[in-house]
Each structure stands twice: as C-alpha cells, then as structure tokens.
Amino acid sequence: MKIGVYVCHCGGNISEVVDVEAVSAYAGEQDEVVLHKDYSHLCSDLGQKLIAEDIKKEGLDGVVVSACSHLFHGETFKKVAETGGLNPFMLEMANIREHCAWPHSDTPAAATEKAKEIVQMGIEKVKKNSPLKPLKLSIGKNVLVIGGGIAGIQAALDLGDAGFHVSLVEQKATIGGRMAQLSRTFPTNDCAACILGAKMSDIPKNENIDLYTYSEVEAVTGYIGSFNAKIRRKATFVDDSCVSCGLCADVCPVSLPDEFQWGVIERKAIYQPLDYAVPNKYLIDESACLNIKARKKSGNTEVCRKCEAVCPRDSIHFDREDEIKEIPADTIIVATGYDVFDAKQKPEYGYGRFKNVMIGPEVERVIVHAGEGRPTRDLGKRIGFIQCVGSRDEQLGREYCSRVCCMYATKLSQLITHMATMNGQEKDIYVFYTDMRTFGKGYEEYYKDTMKMGVKFVRGRPAEVTENPETGKVTIKVEDTLTRQMMESEFDTVVLSVGLQLSEGGNRIAEILKLPKSADGFLQEAHPKFRPVDTQTEGVFIAGTAQGPKDIPDTVAQASATAARAMRLMVKGVMEMEPVKAFVHTPLCDGCAVCVDSCPASALSMVEGGTGRIVEINESICRGCGLCIGTCHSDALDLHLFTTGQLLGEVKGALSGRKGHEHRVILFADTMCTYKLADSVGTGKKAYADSVRIIRVPSSSRVTAKLILETFALGADGVFIGDCETKSTPYPGSIPFTGKNVAVVKEILALAGINPERLMFFQFATVMLPAFVRLMNTISETAAEVLTSAQRKMLSEKAGTLFEGGSRGR
Amino acid sequence: MAGKIVLSHHNIDFQKQIEKISGEKITSCDQCGVCSGSCPFTDEMEITPSTMMKMSQLGLPEVMEANSIWICASCFNCMARCPRGLDLSKVAEALRQISLRQAVDSITIENIDKEEAARLPSIALVGAFRKLTG
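Residues numbered from 1 in each chain as written. Chains lettered and ligands numbered in written order. Predicted model: local features only at pLDDT ≥ 70, side-chain atom pairs only at ≥ 80, totals over all residues.

Draft legend 1. Structural detail: the overall build of chain B. When helices and strands are tallied, chain B shows eight helices and zero strands. Scanning chain B from its N terminus toward the C terminus, one meets helices and strands in the order α-α-α-α-α-α-α-α. Judged by the C-alpha coordinates and their principal axes, chain B covers about 50 × 35 × 35 Å. Looking at chain B as a whole, 34% of its 134 residues qualify as buried. Within chain B, contacts between residues at least 6 apart in sequence are counted, and of these 66% link residues at least 24 apart. (Helix = DSSP H or I, 4+ residues; strand = E, 2+ residues; numbered from the N terminus. Buried ≥ 20, exposed ≤ 12 C-beta atoms within 10 Å, placed from the backbone. Contact = placed C-beta atoms within 7 Å.)

So, in structure tokens, the structure goes:
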C-alpha cells in the first residue's frame, strides 16, 4: 500500500503545542508510508490541492490527514480524496487537535508523543480500509417546522414561497409566538402587532403551508428524507365556521388570568388568544370550561351550555376530541423559542411577594392596554428597572447574557416616558445595570436617545428590594459603583428585566429529536461559526431563540438561514451517506441464526446460500449499530468502516509508542455522544489524562466482549466504553447489550485476578464535560500499573474461547 | 481633588499575591456592586466591598489603608450573591494577612494611658497594634 500522511499546523492551533515536524517525520518511518508532509492549513484551498495532486502524482492508495476531528472536517477531506481520484473511504482523519493539542496544551512534549500515536492509529486503520460506495438516499420536499413564532413563520414563508411543502406546528392556539406579546419593538418603536400581523396572515394564504395550531409534536421517528412526526391536534371545541363575533365569551361565566397577557387581564373559558389571532377563531379552555369538566367527571352533558346557545353559527361542539395526525417530513426546522426566567428564583427581589414588583413582559402588556385606552394598572411616577435578573449570574448557574434585556428595558423606559409626556405627566425612571449592551444596528443611538429623554442609568446590580407594607412602595438597595456610594431609593414600581431560557416546549422537542444542548441550556448548533443553524442530526435545523437568546432581526435572519440550509439538501433530491452497514463474511457463517433475533432493527434473516443456510443483511434497514457482531461465535459478521480489523489496527497504533512502564487507556467512543463530547472537552481546552486514546465507533454495542479482551491482550491497561444516555441514543437496543458484554468481561478480569475497574462503561450526555475529564482521570489512575505479559496472555486465550460452553453459541 | 494612579509591575505583583493567598480569581470581578449592597457593614466601611475588589484587581496597596478589610466579619452574604461566584471574605482575609505580615503597629504602647491600659482586655490591646478597626 502507498500511504500519504499529512500533518496540519491548523494555523498554530496544533503546531503551537505539538511538534508537527517531528510527528510528520515519525509518520515517515512507518511501513507503507511513502510520503509525509506538514502544512499550515490543510483545509485551505492550497492544502486541499496539495493532497489531491499528491494522490494523482504519487499514486497514493491510502491517506491519513492528521488535523481536526472527523466530525469537523471529515467530509471536506473525503471530497479531496475524490478529487484526487481516490475512493473517499481510503482516507482517515487522525484527530490531533480536539483530542490532543487542545486538551494537552499545557504539556507540549507529552502531546507530541500522543500525536505520533494518534497518527499511527490512522495509518494502521487505513491499511485495513477498503473502497466503499456511499449510500444514496432520496429526499423529498416536505419540511416540518416546529414552533409558530416569528422564526417558524419566517422559515415557513421562505420555504413555502420557494415551492417546498411546509407543515407548521404550533402548540398555542395562534401563531405569532413571543413577538405577538410585545408592545413595540426596538430600535424603531414600531408596534409588534402591526409588523407581525401581516406576516401571520400570509401563512394561511400560502398554498404550500399546512398550519396545525393548538397541536403538539409527540414523537418523531426516522431520519433525513423519511422523518415521520406524530402530532396531537388538541380539541378546540369550536369549528372553523367561527367568525370571532365574541358573543360566546360575553356569556361565559368563567374568568381566569389570561396567560397570553401575562395575567395582567383576565379572559373567559371560551376565548380568542389574540385579537389578530391566526387562525382567527375562538376556542374553549377545557381545563376551565364548566361543561367539559362536568362531562369528564360525571358524564353530565347539560352543565352550562350558554355559549353554545348564543353562537349564531352553531360552531361550538363540546364533544370534540383530540386527533392524532402523522406528518411525513424530509427535513425539520426547530423554532421552539424561549420562556422567561422565573423571577421567583431570585427571592431577594420580591417578585410574587410584592405587588409592585413586576417583570418586563408584564409591563409590555400594561403598555399595550394603556395605549389602547384600557389601562390595567398605574405604574406610578417613579419606576426602577433591575437588569440581569436570571442572566450573568453564577449563583443561578446561568452565566450567559440574555442579549435583549438592556434593549427592552431601554425601550420600556422610552415608551413609558412617551406616554406620560402625551398625558402631560412626568416620570422618574432609573435603570440599574451592570453593563449596558446595545450592540445592534441603531441600538446605541436608541440608548443615547433614551438618556436624552431623561432616563437615568445607574451602574450597579441591586442587592435587594424591600416593601413598605403600608404604602406598597418598593425600595431598591444598590451601590452606585461609579460614585462608590450606597443608594436606597423608593419606587412606585420595580421592573425586573428577566432573562431568556429554552422553552418548556423546546426541552420536550430536544428530547424527542435527541438534540444536544450547550452549557447554557439552549439547543446546540453543529458548529458555532460555520454551521450556526445546523444540528448534529442531519436534516434537523434550529432557528431563533431555541438556539440562544437573540433579538428579532437575528431571529429572522437565522430562520431564513434554516430555510436555505433545508432547501440545499432537498433541491438535489438525493443525499449521500456513509455506508455504515453490517456485512457477512459468507464462508464463515454456519447458519446458527443467533444473530437474527438480536438485531434491534430486524435487518437480518436466514437465506439458502451455496453451502447451506446463511444470514443475509438488508442494508436499507440496517442502522449500523454493530450489535449483531457480538452475537456471532464464528466472526462471520462485521461492520463497514468499523471492521474488527480496522479497530484492532487502531488499537495497535494507539499502543505503538509505549515506552517502559507507560500505561494506555483505550476509549471506545460512540460517534453521537462520547466522541462529540471528547471534541467539546478539547475545544474547551480542558485537560485530562494523556494516556487516553480515542477510537470512534458508531455505538457501544460494536465493542464486543472479544474486542475488549483483545484490546487488553494487545497491550491496553484500561478500556473505557462510552455511549449516549439511554433516552438520547439513536441505538436504544445497544445499551443493555453493552451492559451485558461489559459484565462478562469484568467477570473474566476478576477471575484472572485483574481489577475489573480497568474496564468502565458510562453513558454520557454531550454536555458532561467535567464528568468526562473526571472519569478519564479515574480510569487512567486505575490502569496506571501496567498489566503483566502473563495476564495479557491469559486474556488473549479467554478471547478465543468466549463462546465455549456459554449460552450464546449453538 | 481627583487622584491619579500610575501603574507599574509592582501592582501586578501585589494583585497576584492577593490571588495566591486568597485563592480567588479577583480579576474576574465585573464590578456589579451587589456585594456592597448585600454587606451588613458597608455603612461602617471607608471603602465599599466592590471598591476593595477593584483596588485589589489593580493591585493598589492603598486598599489596606481603609478600615474595610478589618470590618469584614466573613458573614458570606457577598459570596452568596456574587454573580461571578467570588468569595470576598477570602480576599479580605488575604489583605489582612498581607497587612499583618508587614508588622506595622498602628499604636505605640508608650502612648497609651496607664490607667486605660490596665482597664483594657489584653486581647484588645494586641488587636489594636495591628488592626485598624478604630
């Protein structure tokens, strides 16, 4: 074989820690390596050309790119191989950035030695690679958009206008989302209803968009090109013939706080969520309606039918039920938005205890009603805003800036001042802040205008709010950090500028779609800079505040970006995928059929082969978990891209540079969670034991008991297997199987007098950075004393006899 | 008259010394002032707790001249609310340690009235040499 090895400097990211020239030279000494080079940026145009031309010129039939993570630039370099005329599956990435240079940046000498072994792992793997064909998957033109706020609306309209079919699902009874609850919008002060209303009404007019309001996504199965969503269309008890005349609400005897109005006014049990609601019709709140409650409790259908009696169009029917609908989709856009921080978690500010302490969103509605001449409450003359409530606060575990609060407090100050001026009144408004962040287009000017209007900005984070129980007035205690004086000031109203967090619905969708979250609790994008609206799940995109706090312009831009990214996949009609599929070494199969029942996807069946009954694998059903391999006693099953030969090759590479009494831990990392987590740990420059070598597998069940034993036998002193949490794994069947495998091997280790803790299995969520570091350090310590050659020999023998006398064989 | 600060490497040394003794990363203080509002003794202090943090960040030795570091009772109210998770009582303790190690007496024993000296508890006398609680 003629292998070329390329070592990337990554513009200093790697070369400032790892001695890339030494690594390249080391690679050059290895068998079958005919060419080795180091280069500043292999992913640059010139870097790519360099590799492609070498492949042609030198006739390379294997390439190892020692650079970043497979998950980062793997696809880029596969294309480079193709350009050079090499089968893309004859190229391997050796991850010396996320798995070496970054986490070990404090120990450059050790990092260089580790990098050599990681490159060796790539070389040993590529030797066992074989040319494969990517799988082609057909993709239609159906998009599921989850969430009908401004992000979902914008994405749906862009896609609908471009001729794609959109199913827009919104859990509330109207689309419009959080923006519809705002008074006016910064920095232009245009009314939210005026600019949003027009967009909302475009949705039902667009013939390519099916709108499902008052509907919840309950489950999603499948993958890109063949998603299937199950949605519950909750009963509204009011048919589409409703013309929103409102006679029903006039006679309804039940009143309750209107959640859309943040409770500042009440609504009836039959109500319209918003006067410009889309769809524009009434609905019945079944948890409040006397008739529906009585029906459910006692079957009595005659309790309070007042609304039904007055409805001129006979639109009300108390016996309607929820409907379940299945929606097929090729791509999915998640635009589930935000909830605001629960200010009661900051008890020192008195929200919920003091009636004159309000949150920003409530004041939005107070302003709307006052503007419409229906004031709900008087905010008084002196108003104090407290910024960063639920943001930038480690005490609450919320380190992030919510990005909109500075501007919305500034806006509310302006609006209150404007309104007072019109009524010939004056207001004394103070905004207590830590840092004012008015970074958007026109925002700084808006901030300046607000200051000109007389709003005072005081630099200090208030310590507490107290109430005078007789007058109800509230006092803010704060240090003015600029004059270094303590300040205690009484206000008629204190407004808490509450921060943003992922919505409850967003959390639910994240679980259903198995989307990871970043440390701030919002949904995680595939790459913070270059794939800001993609997720790690192919065909699923995120828009708006589900991805992180942002203002309306950014939300709309991101929503259009998701539409474009989804179209990019769908217009081609086909998509290529890695052929991670199980296959059979036909001569080895003796037809025992043990594997058939083990397959979680039922992809295996028995057929008549030339030499008798053998197993056959249906590639279109096989999900590539590799579980079946562990059930085969005759080594007849294997998995493309992760063959036993390839994995053992990587193990050999990982152990190749050991000196003296150095120990090694092999981490078999599932692609979706553990490998990604190891990348994040590297990106976060968090150090862990440098004895750890990471081998990527699709799922933990690919790591058979035999493979674990052989890994020890070849020279590993510890083996760690990482997979996803059960609720988020794409291969739920794998977890119990791996558990059993690990138990079997632990027993063998114990019998051999070896500490069974040298083998560990852990289910990671992609956010568990500290846990990853801790566990890697733990197993490295446990494995610090190297195994003896006698012990390794014993385990090697055990590996050969695993199926003897056991229940797994014939 | 507005003061003037001229910074030199001595300031960095002092800042690092405070960080080493206290174990707190004082440069991460964002000067929000929530500590000052939360401290039950700010009214008795010559400089507010947040000022103590700012002066420590900048490594200004004058921070030890104010009575604040001696008034701090380590009640941890500031720590419980600090949005950057800092423990100011450790910083105050570090400043007290540095001050004590300089071994500068703030009173002279000869200047104390004999009768008064007889009346004072000895621990108060010892404290008064080095501490500035007035």
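From this point on, the discussion continues.
Draft legend 2. Focus on the overall build of chain A. What chain A contains, in helices and strands, is 22 helices and 38 strands. Relative to a compact globule of 810 residues, whose C-alpha radius of gyration would be 28 Å, chain A shows 31 Å and is just as compact. Put simply, chain A has 810 residues, and 50% of those count as buried. (Rg over C-alpha atoms; globule rule 2.2 N^0.38 Å.)

Draft legend 3. Structural view of the interface of chain A and chain B. Listed as interface residues are 16 residues of chain A and, on the opposing side, 16 residues of chain B. Examining the composition of the side of chain A that touches chain B, we find that three residues originate from one element, strand 25 (residues 474–480) of chain A, more than from any other.

Draft legend 4. Representation of the nonpolar core within the structure. The biggest cluster of nonpolar side chains holds 148 residues, and the ones touching the most others in it are Ile 333, Val 334 and Leu 496 of chain A. In this structure Ile 333 of chain A touches Val 143, Val 145, Ile 146, Ala 155, Phe 541, Ala 543, Thr 562 and Ala 566 of chain A, once residues within four positions along its chain are discounted. (Core = buried A, V, L, I, M, F, W, Y, C linked by C-beta atoms within 7 Å.)

Draft legend 5. The arrangement of unusual backbone geometry in detail. Residues and elements named next belong to chain A. Cis geometry is adopted by the peptide bond preceding Pro 187, which originates at Phe 186 and carries an omega value of -5°. With respect to the helices and strands, Pro 187 occurs in the loop between strand 8 (184–185) and strand 9 (190–191). In this structure, Pro 279 follows Val 278 across a cis peptide bond, with omega equal to 0°. Within the secondary structure layout, Pro 279 lies in the loop between strand 15 (270–271) and strand 16 (283–284). Located in the positive-phi region is Trp 262, a residue other than glycine, with phi close to 50°. In this structure, Trp 262 sits in the loop between strand 13 (255–257) and strand 14 (266–268).

Draft legend 6. Summary view of the sheet that holds strand 17 (residues 323–329) of chain A. Residues and elements named next belong to chain A. Taken together, three strands build an open sheet; the order of strands is 11-12-17 and the sheet is antiparallel. Looking along the sheet, the strands with just one partner apiece sit at the ends: strand 11 (215–221) and strand 17. Within this sheet the neighbouring strands show an average axis-to-axis angle of 25°, counted without direction. (Pairing = 2+ DSSP bridges. Axes fitted to C-alpha atoms, helices over the stretch in contact; angles between N-to-C directions.)

Draft legend 7. Expanded view of the packing of helix 1 (residues 9–22) of chain B against helix 6 (residues 88–101) of chain B. Residue and element names in this part refer to chain B. At a closest axis distance of 8 Å, the pairing of helix 1 and helix 6 adopts a crossing angle of 115°. The orientation of helix 1 relative to helix 6 falls into the category roughly perpendicular. Considering only the axes of helix 1 and helix 6, their crossing is right-handed. Touching Gln 17, Ile 18, Ile 21 and Ser 22 of helix 1 are Lys 90, Val 91, Glu 93, Ala 94, Leu 95, Gln 97 and Ile 98, all from helix 6. (Parallel < 35°, antiparallel > 145°, perpendicular 65-115°, else oblique. Left-handed = near helix turned anticlockwise from the far one by under 90°.)

Draft legend 8. Representation of the confidence of the model for chain A. Mean pLDDT over chain A stands at 94; residues scoring 70 or higher make up 99%. Contacts for the low-pLDDT stretch residues 806–810 of chain A, under 50 throughout, to residues beyond four places or in other chains number seven contacts. (pLDDT = per-residue confidence, 0-100.)

Draft legend 9. Examining the domain arrangement of chain B more closely. Examined at the domain level, chain B breaks down into domain 1 (10–102) and domain 2 (104–134). The distance between the C-alpha centroids of domain 1 of chain B and domain 2 of chain B comes to 26 Å. (Domains from an automatic or database assignment.)

Draft legend 10. Here's a closer look at the environment of Gly 505 of chain A. All names here are of chain A. Mapping Gly 505 onto the fold places it in helix 14 (residues 504–513). It is 9.7 Å that separates the C-alpha atoms of Gly 505 and Ala 546, two residues lying 41 residues apart in sequence. Filtering out sequence-adjacent residues up to four positions away, Gly 505 remains in contact with Gln 171 and Thr 336.

Draft legend 11. Region of the structure containing the sheet that holds strand 26 (residues 485–491) of chain A. All names here are of chain A. With antiparallel pairing, three strands are arranged side by side in an open sheet as 24-25-26. Strands at the two margins of the open sheet, each flanked by one partner only, are strand 24 (464–467) and strand 26. On average, each strand axis in the sheet is tilted by 25° relative to the strand beside it, whichever way the strands run. With seven bridges connecting them, strand 25 and strand 26 associate as antiparallel partners. The partner of Thr 475 across the bridge, within strand 26, is Glu 490.

Draft legend 12. The packing of helix 1 (residues 20–28) of chain A against helix 5 (residues 108–128) of chain A, seen in detail. All names here are of chain A. For the pair helix 1 and helix 5, interaxial distance at closest approach is 9 Å and the crossing angle is 40°. Overall, the two elements helix 1 and helix 5 adopt an arrangement that is oblique. As for the relative orientation of helix 1 and helix 5, their crossing is right-handed in sense. When helix 1 is examined against helix 5, the residues Ala 22, Val 23, Tyr 26 and Ala 27 are found in contact with a partner set consisting of Thr 112, Ala 115, Lys 116, Val 119 and Ile 123.

Draft legend 13. Looking closely at the pairing of strand 38 (residues 759–764) of chain A. All names here are of chain A. The buried count for strand 38 comes to five of six residues, which makes it a mostly enclosed element. Judged from the six bridges that link them, strand 37 (residues 718–724) and strand 38 form a sheet pairing that is parallel. Along strand 38, the bridge assignment pairs Asp 723 with Gln 763.

Draft legend 14. How the structure looks around helix 1 of chain B. Residues and elements named next belong to chain B. Between its terminal C-alpha atoms helix 1 stretches 20 Å, which fits the 20 Å expected from 14 residues at 1.5 Å a residue. Within helix 1, burial applies to Phe 14, Ile 18 and Ser 22. Projected down its long axis, helix 1 carries its buried residues within an arc of 55°, all on one side. Set apart from the buried face of helix 1 by more than 90 degrees, the exposed residues are His 9, Ile 12, Asp 13 and Lys 20. As for helix 1, its buried residues are in contact with helix 3 (49–57) and helix 6. (Expected span 1.5 Å × (residues − 1). Arc of directions from axis to C-beta.)

Draft legend 15. The arrangement of the environment of Tyr 433 of chain A in detail. All names here are of chain A. As for its position among the elements, Tyr 433 is in strand 22 (residues 428–433). Owing to 23 C-beta atoms within 10 Å, Tyr 433 belongs among the buried residues under this scheme. Considering only alpha carbons, one finds Tyr 433 and Cys 388, 45 residues apart in sequence, at a separation of 7.3 Å. Beyond its immediate sequence surroundings of up to four residues, Tyr 433 is in contact with Gln 387, Cys 406, Phe 457 and Arg 459.

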